[in-house]
Amino acid sequence: MTLKPIRNEQEYDAFMVWIDEQFDRKPTPGTPEGDAVEVALLLIKAYEDEHYPIPVPDPIEAIRLKMNERGIRNKDFVGRLGSKSYVSAVLNRRKPLTLEMARFFHKELGIPATVLLA
């Protein structure tokens with residue numbers, strides 16, 4: 001495999017097949033074979049970042065997902081974010097998510113700030 005920038009789907013597919021074969025061989029990191037795999041993975045990532053971008057999740061959906069994962073309900077935020085109706089209005093998109101709330105959710109739920117500020 002010649003390591004070069006990936007410019008189209010055919011080249012991308014060829015790199016993917018080659019990488020799959022290399023994983024079966026389990027090259028040792030730091031060897032020429034291992035370095036070639038590492039460079040190929042960087043080329044694949046660059047192509048995927050350009051052609052298959054992953055959209056930033058919706059902030060409210062991210063909050064709801066984290067709440068669901070942790071078994072947290074709207075009422076658990078009452079008093080910390082505001083009244084029951086205010087928390088409900090924010091989580092139902094009737095009120096905007098403020099910077100102060102974004103900081104709170106970042107700290108409490110571990111949601112990246114880039115998601116909350118999107």
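Residues numbered from 1 in each chain as written. Predicted model: local features only at pLDDT ≥ 70, side-chain atom pairs only at ≥ 80, totals over all residues. Heavy atoms only, no water.

Asks: Explain helix H1 (residues 9-25) to me, please; I cannot follow it from the model alone.
Replies: Side chains that are three or four residues apart share a direction in an α-helix, a result of its 3.6 residues per turn. Across its 17 residues, H1 extends 25 Å between first and last C-alpha, which sits within 8% of the 24 Å expected from 1.5 Å per residue. Listed as buried for H1 are Tyr12, Phe15, Trp18, Ile19 and Gln22. For H1, the angular spread of buried residues about the axis comes to 130 degrees, placing them on one side. H1 presents Gln10 and Asp24 as exposed residues on the side facing more than 90 degrees away from its buried surface. Contact partners of the buried residues in H1: helix H2 (32-51). The N-cap residue of H1 is Asn8: its side-chain oxygen and the backbone nitrogen of Gln10 are 3.1 Å apart. (Helix = DSSP H or I, 4+ residues; strand = E, 2+ residues; numbered from the N terminus. Expected span 1.5 Å × (residues − 1). Buried < 20%, exposed > 50% of the residue type's maximum accessible area, 1.4 Å probe, protein only. Arc of directions from axis to C-beta. Contact = heavy atoms within 4.5 Å. Polar contact = N/O pair within 3.5 Å; in protein donor to acceptor, adjacent residues only side chain to side chain.)

Asks: Would you mind showing me how to read the packing of helix H3 (residues 59-70) against helix H5 (residues 99-109) here?
Replies: Angle between the axes and distance between the axes: these two values describe a pair of packed helices. In contact at an axis separation of 11 Å, H3 and H5 are set at 30 degrees when each is read in the N-to-C sense. The angle between H3 and H5 places the two elements in the roughly parallel class. Of the two elements, H3 crosses H5, and the hand of that crossing is left-handed. Contact residues: H3 offers Ile63, Lys66, Met67 and Arg70, while H5 offers Phe105, Glu108 and Leu109. When its residues are assigned to classes, the contact of H3 with H5 shows four nonpolar, no polar and three charged. (Axes fitted to C-alpha atoms, helices over the stretch in contact; angles between N-to-C directions. Parallel < 35°, antiparallel > 145°, perpendicular 65-115°, else oblique. Left-handed = near helix turned anticlockwise from the far one by under 90°. Nonpolar A, V, L, I, M, F, W, Y, C, P; charged D, E, K, R; others polar.)

Asks: What am I meant to see in the pattern of salt bridges here?
Replies: Oppositely charged side chains can form a pair if their charged atoms are brought close together. Counted by the stated rule, this structure contains six salt bridges. Of the charged contacts in the structure, one is a salt bridge between Glu69 and Lys66, with a shortest N-O distance of 3.9 Å. With Glu69 and Lys66 both in helix H3, this residue pair falls three residues apart, about one helical turn. With a shortest N-O distance of 2.7 Å, Glu108 and Arg80 are connected by a salt bridge. (Salt bridge = Lys/Arg side-chain N within 4 Å of Asp/Glu carboxyl O.)

Asks: I tried to follow H2 on my own but got confused; where do I start?
Replies: Its 20 residues give H2 an end-to-end C-alpha distance of 29 Å, which sits within 8% of 28 Å, the value for a rise of 1.5 Å per residue. Regarding H2, the residues found buried are Gly34, Ala36, Val37, Ala40, Ile44 and Tyr47. Around the axis of H2, the buried residues are gathered within 150 degrees of arc, so they sit on the same side. Among the exposed residues of H2, those oriented more than 90 degrees off its buried face are Pro32, Leu42 and Glu50. For H2, the secondary structure elements touched by its buried residues are H1.

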